[in-house]
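Each chain, written out:
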Amino acid sequence: MIRLDAITRVFRMGDQEVRALNGINLDIASGEYVSIMGPSGSGKSTLLNVIGLLDRPDGGRYELDGADVTDLSENDRARVRREKIGFVFQSFHLVPRLTAAENIELPLILEGVAPVERKSRVEAALDAFDLKDRARHRPSELSGGQRQRVAIARATILRPTALLADEPTGNLDHRIGAEVMALLEGLHHAGTTLIIVTHDRELGARAHRHIAMRDGEIVGDET
Amino acid sequence: MNLRDTLTLSFSTVASYRTRSLLIVLAMALGVAAVVVLTALGDGARRYVVGQFSSLGTNLVIVLPGRAETSGGFPGAALGQTPRDLTLEDARFVGQLPQVRRYAPLNVGVAELAGGGRLREVTVLGSNAELLPIRHMKLSQGSFLARGSERSAQIVLGSQLAREFFPDGRAVGQRVRLGDSRFLVSGVLAPQGESMGFNSDEIAIIPIDYAQELFNTESLFRILVEAKSRNAIEPAKAAISHVLTLRHDGEEDVTVITQDAVLATFDRILRALTLGVAGIAAVSLAVAGILVMNVMLVAVAQRTTEIGLLKAIGAPAADIRRLFFAEALWLSLAGGALGFALGHAGSYFIRLAYPALPAWPPAWASVAGVATALFTGVVASLLPASRAAKLDPVLALSGK
Ligand SMILES: Nc1ncnc2c1ncn2[C@@H]1O[C@H](COP(=O)(O)OP(=O)(O)O)[C@@H](O)[C@H]1O
Ligand SMILES: [Mg+2]
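The text that follows walks through the structure, step by step, so that each part is easy to find. (Residues numbered from 1 in each chain as written. Chains lettered and ligands numbered in written order. Predicted model: local features only at pLDDT ≥ 70, side-chain atom pairs only at ≥ 80, totals over all residues. Heavy atoms only, no water.)

## Considering the pairing of strand 11 (residues 222–227) of chain B
Residue and element names in this part refer to chain B. What counts here: Each residue's exposure class comes from its accessible area (1.4 Å probe, protein chains only) as a fraction of the maximum for that residue type: buried when under 20%, exposed when over 50%, partly exposed otherwise. Each helix is a run of DSSP H or I of at least 4 residues and each strand a run of E of at least 2, with the numbering of both proceeding from the N terminus. Here a strand pair is declared whenever DSSP counts at least two bridges between the two strands.
Counted residue by residue, strand 11 has five buried out of six residues, so it is predominantly covered. Bridging between strand 1 (residues 60–65) and strand 11 involves four bridges; their strand directions are antiparallel. Bridging from a neighbouring strand, Leu 60 pairs with Glu 226 of strand 11. The sheet contact formed by strand 2 (residues 100–115) and strand 11 spans six bridges and is antiparallel. Across the sheet, residue Arg 102 finds its bridge partner in strand 11, namely Glu 226.

And the structure:
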């Protein structure tokens, strides 16, 4: 459960101030499926980064699963990200040197999971995301859809409570994009909170709750 | 992230940037190899010199006419007034001292040796029976100059001379002519090779009286003295100085040197030299360290989005710092190991090419070389690693 209270995020560019988030109040319950839409530069990514504890707000209060996480130390934020948050990015962000299986394994290594268990969990993830025959391939040898599937497998391998996707289909063609969306929705059905930033009205409409942003403010919130 | 995973992950990273890693490893390796080879050379030279001195004899005290300029015990040229001669009589007095086990007076000259139908100039040593034990010489045939019978005309030939004059190997018992006198070959020295620029294989040794007659001189070239023990060396030196000063009307006109002092001086000089070259070689390691730092900084810049990703999936700053740290560790470890191998191979080939030079790399140099490589690599990675750890994840993900 996510509770944002008067969150602001201000960027300074020289003597100019950009209010990327301007007093955001937002509650998202566990297991919700939310889309965030709005014009470019309206603050969608910044909002997602704050929710995912990648970015720190300049003002306001953030409560995650009942605990105040506004002023957590850098180390604690890393731990919360690892335990509760999964990120999916438009540009996949796979490590080019590592194979699909190794990319998926990364969070398990960070978490300190024993090698034997790591192996079986990666195996299961490869199975679940239909990547079995691609396990030993590097990202450069994978299609866009396969890369995003690897990224999603990596984001969910530690079973996060919330999955944050920033334009996850932005680099994919329509058909593959729809497949990836179906995959994410499958995770939502399994109980994960799903928050998706998208430009695509059609995809955004599939969510159960639609948040519209403009100039760092929430201008629409419909279910 | 635990240590093992950190090491495995960083190793695979290092291995995947093959060319770059090889270059760094090579730079490190050359530095370490330079340390190892140069110290092997320096220490080899030291051992060579020490070995040469030791082959002269143990607990050796050498008396030479003339006063050395410095009191440092170094056999400098005798300057100043013409020194009083050192005589056989002096030698006998020295031999009476309680600290002295044995002594051998020495005269050196060149004379014509004829025998077995051959004739040539040879270096002649005049001495007594004690020369053999004092100088650690060995015989291959016959006997050395008879003890106490310095008046018998015996000659001992170096191995090379014996082979040259009597190729059939039966030198002992033969008569030869040296200058105008005839000598009976009593023994042949075992081959010893060169020592202190003196090839004992090519000398002939005759009793001191004959030598003085042959060279028409009363004065000795040197007196070789063997002290009773290592502890007796210094007292012997003092006693010899004292007795000779008394005999020379209170004039301190001889130089008494101990092999220990000379040896210690050479040892010190060559050790310093070895340390010096090791230091110079270590500088090249520092250069390699700067290279590592540079490459790591470039790596951090190149892998900014990757670092952002690691942070996004929950890697704490410490993990990221350790990853880069471990990469530098692998590079310097590989560099150190390769350098160690190269250095030892290089020293081996030097020993092969110059068998006389015991160019064994000292253990401390190998350890210091590898340790310096590790140290510089690790220190050089501190800045890049902490820079990576401090990156802002949002900015890093966007590649800024
Ligand atoms: N690191 C930054 N430095 C300066 N300005 C930024 C930074 N990140 C975002 N912004 C600004 O904040 C605003 C919101 O950005 P963003 O959240 O990326 O919008 P969106 O994802 O909706 O396109 C934009 O005006 C953008 O220029
Ligand atoms: Mg955006």
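## Re helix 11 (residues 363–390) of chain B
As a reminder, the rule being used: For a helix, the expected span equals 1.5 Å multiplied by the number of residues minus one. Consider a residue and the seven residues that end there alongside the seven that start there; fitting an axis to each set, the bend is the angle between those axes.
Spanning 28 residues, helix 11 of chain B covers 40 Å between terminal C-alpha atoms, matching the ideal 40 Å at 1.5 Å per step. Most pronounced at Leu382(B), the bend in helix 11 of chain B amounts to some 35°, and the proline Pro384(B) follows within four residues.

## A short note on the interface of chain A and chain B
Test applied: Working rule for contacts: check all heavy atoms of both residues, and any pair within 4.5 Å makes them a contact. In this description, buried area is defined as the sum, over both parts, of the accessible area (probe of 1.4 Å) that is lost when the two are combined. Throughout this description, the term salt bridge denotes a Lys or Arg side-chain nitrogen within 4 Å of a carboxyl oxygen of Asp or Glu. Each polar contact in these results corresponds to two N or O atoms within 3.5 Å; when the atoms are within protein, one needs to be able to donate a hydrogen and the other to accept it, and residues that are neighboring in sequence are counted only if both atoms are side-chain atoms. Ten residue types, Ala, Val, Leu, Ile, Met, Phe, Trp, Tyr, Cys and Pro, are classed as nonpolar, four, Asp, Glu, Lys and Arg, as charged, and the remainder, Gly among them, as polar.
The interface of chain A with chain B comprises 19 residues on the first partner and 23 residues on the second. When chain A packs against chain B, close to 2,000 Å² is buried across both sides, 64% of that on carbon and sulfur atoms. When the buried area of chain A at its contact with chain B is split by residue, Leu54(A), Arg97(A) and Leu110(A) rank highest and sum to 33% of it. If you look at where chain A meets chain B, you find two salt bridges. For Asp5(B), the salt bridge goes to Arg118(A), with nearest N and O atoms at 2.9 Å. Viewed at the interface, chain B and chain A are joined by seven residue pairs in polar contact (both at pLDDT 80 or more). Of the residues in the side of chain A that touches chain B, the class split is 10 nonpolar, three polar and six charged.

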